[in-house]
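Notes for the structure review
Chain by chain, the residues:
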Amino acid sequence: MSAVYRNAMITISATASRSGDEGLFRQCPEVLVRPRVKESPTFVFHPPRIHMDRYSVSQEEFPLLSRAWALQERLLSLRVLHFTNTELVFECITDQRCECKGIRDVDWRDSIQQTKCHLAGWMPHSGPTEIWEDVVMQYSNRQLSYPSDKLVAIAGLAKNFRHPGHRYLAGLWANGLIDQLQWFVWGKELPIQARPTWRAPSWSWAAVQTPVHYYFLNRLRPSTESYSAATAEVLNCSVVSNNADPYVEVLSGTLQLLARSTQVSWKRIAQPPDDWRGNDLNCIIFPSGYQIGFYLDALIDGRPSPGTEAENLDITCVLLAEDYCFRHRRLLVLRRLDSDKNIFERIGLAYEMRRRGLFMENADNIFPKERIVVEIV
Amino acid sequence: MDWSYITTGSTGSEQALEVARDWLRNCCETHYNCGSLRDQALPTRLLDLEAFGREGVVRLVERPSIHGRYAALSHCWGTTPQFATTKATLTERKEKIHFDQLTTTFREAVQVTRSLDIRYLWVTCYLWYYS
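The shown structure was predicted, so the numbers you read here are calculated from the model rather than taken from an experiment.

Each helix and strand in chain B was counted, giving four helices and eight strands. For chain B, restricting intrachain contacts to residue pairs at least 6 apart in sequence, the fraction spanning at least 24 positions comes to 70%.

This paragraph deals with the domain arrangement of chain A. Residue and element names in this part refer to chain A. Assigned domains within chain A: domain 1 (1-166) and domain 2 (167-377). Domain 1 and domain 2 are separated by 32 Å when their C-alpha centres are compared. If you look at the interface, domain 1 gives 23 residues, while domain 2 gives 29 residues. Broken down by secondary-structure element, the contributors of at least two residues to the side of domain 1 that touches domain 2 are α4 (128-140) and α5 (155-160). Top element by residues in the side of domain 1 that touches domain 2 is α4. It accounts for eight residues.

To continue, consider the nonpolar core. If you look at the biggest cluster of nonpolar residues, it comprises 126 residues, and the most contacted ones within it are A:I284, A:V318, A:V333, B:Y70, B:L121 and B:W122. Domain assignment of the residues forming this core places at least three in each of domain 1 (1-166) and domain 2 (167-377) of chain A. A:V318 has contacts with A:A232, A:L257, A:A259, A:S261, A:L331, A:L332, A:L334 and A:V374, leaving out every residue within four places of it along the chain.

Strand order in the open sheet made by the eight strands is β6(A)-β5(A)-β4(A)-β1(A)-β5(B)-β7(B)-β2(B)-β3(B), with mixed pairing throughout. Here the strands that pair on one side only, and so sit at the sheet edges, are β6 (96-98) of chain A together with β3 (59-62) of chain B. Neighbour to neighbour, the strand axes of the sheet diverge by 25° on average, direction disregarded. The pairing of strand β2 (residues 45-48) of chain B with strand β7 (residues 120-123) of chain B spans two bridges and is antiparallel. Pairing of B:L47 across the sheet is with B:L121, part of β7(B). Along the sheet, helix α3 (residues 104-115) of chain B contacts β1 (10-13) of chain A together with β5 (70-74) and β7 of chain B; its crossing angle with β7(B), the most-contacted strand, is approximately 150°.

For the rest of this paragraph, the subject is the interface of chain B and chain A. Of the residues lining the interface, 44 residues belong to chain B; the matching set on chain A comes to 50 residues. Put simply, the parts of the chain that give the side of chain B that touches chain A at least two residues each are α1 (14-30), β1 (40-41), β5 and α3 of chain B. Relative to β5(B), β1(A) runs parallel, the two being bridged by four bridges. Each bridged residue has a counterpart across the sheet, and for A:T11 the counterpart in β5(B) is B:A72.

Given a rise of 1.5 Å per residue, 12 residues ought to cover 16 Å, and the 17 Å separating the end C-alpha atoms of α3(B) matches this to within 8%. Positive backbone phi, approximately 60°, marks B:D117, located one or two places after α3(B).

Turning our eyes to something else, we now look at the confidence of the model for chain B. Residue and element names in this part refer to chain B. In the predicted model, chain B carries a mean pLDDT of 83, and 82% of its residues have values of at least 70. At the low end of the mean pLDDT range in chain B sits strand β8 (residues 129-130), at 50; at the high end sits β5, at 95. As scored by the predictor, the complex reaches a pTM of 0.90 and an ipTM of 0.92.

Within the chain, A:L281 stands out as a residue other than glycine whose phi angle is a positive 60°. Given 17 C-beta atoms within 10 Å, A:L281 falls into the partly exposed group. The phi dihedral of B:D117 is positive, around 60°, even though this residue is not glycine. Along the polypeptide, B:D117 turns up in the loop between α3 and β7.

This brings us to the environment of A:I178. All names here are of chain A. Inspection of the secondary structure assignment puts I178 in helix α6 (residues 177-180). On a C-alpha basis, the gap between I178 and L320 in space is 7.2 Å, while along the polypeptide they are 142 residues apart. Beyond its immediate stretch of four places on either side in the chain, I178 contacts T231, A232, V234, L320 and A321.

Right, let's get into the pairing of strand β4 (residues 79-83) of chain A. Residue and element names in this part refer to chain A. Among the five residues that make up β4, five are buried, leaving the element largely enclosed by the rest of the structure. Taking every second residue as pointing to the same face, both faces of β4 are buried, with R79, L81 and F83 on one and V80 and H82 on the other. Pairing of β1 with β4 involves three bridges; the strand directions are parallel. Along β4, the bridge assignment pairs S13 with H82. Bridge analysis of β4 against strand β5 (residues 88-92) gives five bridges, and the strand direction is antiparallel. Residue pairing for β5: R79 is matched across the bridge by C92. What sits between the antiparallel neighbours β4 and β5 is a turn of four residues.

Calculation rules
Residues numbered from 1 in each chain as written. Chains lettered and ligands numbered in written order. Predicted model: local features only at pLDDT ≥ 70, side-chain atom pairs only at ≥ 80, totals over all residues. Helix = DSSP H or I, 4+ residues; strand = E, 2+ residues; numbered from the N terminus. Contact = placed C-beta atoms within 7 Å. Domains from an automatic or database assignment. Core = buried A, V, L, I, M, F, W, Y, C linked by C-beta atoms within 7 Å. Buried ≥ 20, exposed ≤ 12 C-beta atoms within 10 Å, placed from the backbone. Pairing = 2+ DSSP bridges. Axes fitted to C-alpha atoms, helices over the stretch in contact; angles between N-to-C directions. Expected span 1.5 Å × (residues − 1). pLDDT = per-residue confidence, 0-100.

Printed below as a string of structure tokens:
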């Protein structure tokens, strides 16, 4: 079906309508103004238009933009004509226009255009991994009527996406995987939720219900070239699907990392310190006593209550990526599933960053030097 | 002078659709990356908006030609009953589809497509075939 949108000359988008009964057309709000001067003409005054923003899409104003299925229809189309509540908006690979011209000041323009440009086979400024992460952020903010459609409603876009190697693994690309594993649940827009019925391995963003984020999109972000020797290495990553279409449905998936890892405890602290990164007061404590806040992916059984430590969970922390200047470090928080083997489930991501002259703890002080093989499912 | 194109009245007014037509024409004529007005592969099933003239009713056509120009519609399905074409309705819809058989959004999409000088329209649920 993606070909239908890709080949259309233009896509007419019922952006302000909740259903087929609401139609496309709206009366534009306007106020007639006549200055109190003799024989003055009447002026038409237009209240400011509300423009589409990037992620936290206002559902009342633009119902279509909150629907997960509609994202690929918009991004695959060469041109889109949006019918909003107040005006028409035109969007193509090269430009975006609206009747009031206010859209030129909106900062997400570039993100939509970059993606369209990439899909159409032109060379955008950003690399394919960054563009894909941006798509994932937008997509995960949108709603699905059927949670099992999580990978289905973006499959058309993924199939048309040009990523080096073109190996698709439950919503992530094999190339640049260490970067793409760094998604996290902010927990600000929507509270953390329980895991939905299994639809993707725990290392995929498709395994959670809530919106996901990536840090420092397009800027201030260490690139793959700047990773230090302590960064994890992907040994193997594969998914199994039963209908020979790995884009649509995944039955199982496994990720093997060669990484520095250590057992930690999971605590929910009572009061977060300044400059704390994490959601819902979740924190990991290393054997040395060093603490880092983390972003929990989903509510799981055995989660400690505020002020206490988890008692029956075997938690492990893996050093995922670190840059050689020691400014950024990303750690995966895992729960051991099998006591005999190193098989884990991802439960969160920790993000450390050097700021205001404070240094992060040296990785050598919190992790054993030797890297081991961990398997995440 | 760089005027805003603010139109008055409705987003479906002749004035507003004229603006949209300008944008589309400008894109097709001046944007190298967006491609020109060349014809593309047509989907197998489409609504033909000019079968009975530009004002008349529409009908469903099956692959009118290999290439051509068409508009697609992106919309929330909402709770609207699905208008999927079945074996029973296919023949009937190939004859003609009256406007009162279309939802408001579909009807207005027909109007917009016509005003953009495009002959065919593709609407998801209308054109999916369930046997």
